[in-house]
Amino acid sequence: MAKTIPYGRQWIDKKDISSVIAALKSDFLTQGPRVEEFEKLFAKFVGAKYAVAVNNGTSALLAACFAAGITNGDEVITTPYTFSASVNCFVWFGAKPVFVDIKNNSFNIDETKIEGTISKKTKALLVVDFAGVPCDYDQIKKIAKTHNLIIIADAAHSLGSTYKGKKIGSIADLTCFSFHPVKTITTGEGGMITTNKFKYYQKLKTFRTHGIVKDPKNTARGKWYYEMVELGLNLRLTDIQAALGISQLNKISGFTRRRREIVDAYNKHFSDLPVSFTKEPSFIKSTWHLYQVRLAKNLLRVSRKEVFDQLQKRGLGVQVHYVPVHLHPYYKKMFGFKRGDFPNAEKAYEEEISLPLFPKMSNHDVNFVIKTFRDVIRKYQK
Ligand SMILES: *Cc1c(COP(=O)(O)O)cnc(C)c1O
């Protein structure tokens, strides 16, 4: 049997490798010029004023929560249908999660249900562009404006996606990206926050380096002098990683094109099966981080688990994204969430399978996924 095709993976070429080697041979492995260069190019690509590079997407979310001033006693409204890092980040600052269920035909937050959950303690809306599909930002911005809330976007899936012609990264107050190898571009581990507000930009940079600031004009006390003004951490990206990021960013339009091509092929070949998949509204363009199917369970003779195991056995490295956050033991124990709280998210989770999708897939791989998935579903169809 051929080897398993994973659900996602990186694409590293010779240019990436020589870019990293050049960084390794340079004077700076970290805190050098490549980080700033990567930030400038990234900000330009997404159309934001500022970008701050960090060591992973989780750190990007933490830094964004810090910049937003999220603190003990605050509430943050978010979706239960995401990776736990989207919620852990503000819980770390002492805020309480207030979940709003997803829509029943999408994996994104139902923005029409947000207003009913706003309280005096609500500080921010943390939204997730699931699988690369942007949330309805016009609606979300309207709500945020009315209630004076900060919008943080977890765009770990949606680098390169657009909403009404605008790139993700230029819309929310703070937008967080991940460069894990399964994401749109990679630096091994890495992340970025973009913003248009100088106030947030300064906070992000300070938090990234221990909360330390050094004013080059303030030399009266001595040239060595610096001050720690906030409780920060070390969240720095290295120049080695930034070198890879710069090189990867050059290839993003090709990556996106290929992802969209594969999604089109899957949609075309699965339209007659008892499964559904996310359709792209006319005003968005998704980079498609994931290709998710939802099984029509009433039309199948076996459980999702059996379909999943069968696909894996036949060489598809399928995955399920994700266990809803409110169902994790920590969230049940700490906040009292229980099964039944967010029925749309729970139903989506019960039906979901992510199929292999990454730009380096060959046409042969794509055809293999199509054939295997069709065979398995046909076999189990009622
Ligand atoms: C990948 C991911 C993260 C975390 O990013 P890391 O770089 O792995 O820390 C956060 N949120 C979502 C939705 C993700 O997919």
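The structure under discussion appears in the preceding block.
In this text the structure is predicted, and so the values were computed from the model without any measurement.

Analysis parameters
Residues numbered from 1 in each chain as written. Predicted model: local features only at pLDDT ≥ 70, side-chain atom pairs only at ≥ 80, totals over all residues. Heavy atoms only, no water. 1 Å grid on protein atoms, 1.4 Å probe; cavity = no way out; pocket = protein on both sides within 12 Å on 5 of 7 lines; lining within 4 Å. Points joined across faces, edges and corners; volume = space filled by probe spheres on them. Helix = DSSP H or I, 4+ residues; strand = E, 2+ residues; numbered from the N terminus. Nonpolar A, V, L, I, M, F, W, Y, C, P; charged D, E, K, R; others polar. Domains from an automatic or database assignment. Salt bridge = Lys/Arg side-chain N within 4 Å of Asp/Glu carboxyl O. Buried < 20%, exposed > 50% of the residue type's maximum accessible area, 1.4 Å probe, protein only. Contact = heavy atoms within 4.5 Å. Pairing = 2+ DSSP bridges. Axes fitted to C-alpha atoms, helices over the stretch in contact; angles between N-to-C directions. Near = heavy atom within 4 Å. Polar contact = N/O pair within 3.5 Å; in protein donor to acceptor, adjacent residues only side chain to side chain. Areas by Shrake-Rupley, 256 points an atom, 1.4 Å probe, with all protein chains shown as cover.

Asks: Could you give an account of empty space enclosed by the protein, naming the residues involved and the relevant values?
Replies: Under the defined criterion, the tally for this structure stands at 2 cavities of 30 Å³ or more. Looking at the lining of the largest cavity, the elements that each hand over two or more residues are helix H8 (252-270) and strand E15 (291-295). Class assignment of the residues belonging to the lining of the largest cavity gives a composition of 6 nonpolar, 3 polar and no charged. When residues are assigned to domains, the lining of the second largest cavity turns out to be shared by domain 1 (5-249) and domain 2 (252-380), each giving three or more.

Asks: Describe the pattern of salt bridges, and please don't skip the residues or the numbers.
Replies: A full pass over the atoms with the stated rule returns 19 salt bridges. The salt bridge partner of Lys 251 is Asp 16, with a shortest N-O separation of 2.7 Å. Of this pair, Lys 251 sits in the loop between helix H7 (239-249) and H8 while Asp 16 sits in helix H1 (residues 14-25), placing them 235 residues apart in sequence. The class of Lys 251 is buried, set by a relative accessible area of 18%. Its relative accessible area of 0% is what places Asp 16 among the buried residues. We note a salt bridge from Glu 230 to Lys 203, for which the minimum N-O separation is 3.0 Å. Within this pair, whereas Glu 230 is found in the loop between strand E12 (227-228) and H7, its partner Lys 203 is found in helix H6 (residues 198-208), the two being separated by 27 residues in sequence.

Asks: Please give an account of helix H11 (residues 343-351) that cites residues and values.
Replies: Every buried residue belonging to H11 is among Ala 345, Glu 346, Ala 348, Tyr 349 and Glu 351, and all of these are buried. The inward-facing, buried residues of H11 contact E15, helix H9 (304-313) and strand E17 (352-355).

Asks: Summarise the sheet that holds strand E4 (residues 96-99); cite the residues concerned and give the values.
Replies: The 7 strands are arranged E2-E10-E9-E6-E5-E3-E4 in an open sheet whose pairing can be described as mixed. Taken across any chain shown, the strands that pair with only one partner, and hence form the sheet edges, are strand E2 (50-54) and E4. When the angles between neighbouring strand axes are averaged without regard to direction, this sheet yields 25°. Sheet topology note: the strand E6 (residues 150-154)/strand E9 (residues 174-178) ladder contains 3 bridges and is parallel. The residue of E9 that forms the bridge with Asp 154 is Cys 176. On the sheet, helix H2 (residues 33-46) packs against E2, E9 and strand E10 (191-195) and is oriented at approximately 130° with respect to E2. Strands in contact with H6 are E2, E6, E9 and E10; relative to E2, the strand with the most contacts, it is inclined by about 15°.

Asks: How would you explain the site of the ligand if you had to name every residue and give the values?
Replies: For the ligand, the set of nearby residues contains 15 residues, the closest of which are Gly 57, Thr 58, Asp 154, Ser 178 and Lys 183. A distance of 2.6 Å is found between an oxygen atom of the ligand and a side-chain nitrogen or oxygen belonging to Thr 58. One nitrogen or oxygen atom from the side chain of Lys 183 is found 3.0 Å from an oxygen atom belonging to the ligand. Across the complex, the protein chains shield 91% of the 380 Å² of accessible surface that the ligand would expose by itself. With 3 residues, helix H3 (residues 57-67) is the single largest residue contributor to the shell around the ligand. A breakdown of the residues in the shell around the ligand according to their chemical character gives 5 nonpolar, 8 polar and 2 charged.

Asks: Any details on the side chain of Asn 108? Residues and values, ideally.
Replies: Among the secondary structure elements, Asn 108 is positioned in the loop between E4 and strand E5 (122-128). There is a polar contact of 2.9 Å between the side chain of Asn 108 and the backbone nitrogen of Phe 130. One polar contact links the side chain of Asn 108 to the main-chain carbonyl oxygen of Val 133, over a distance of 2.8 Å. The contacts of Asn 108, once residues within four sequence positions are left out, are Ile 102, Lys 103, Val 128, Asp 129, Phe 130, Val 133, Pro 134 and Cys 135.

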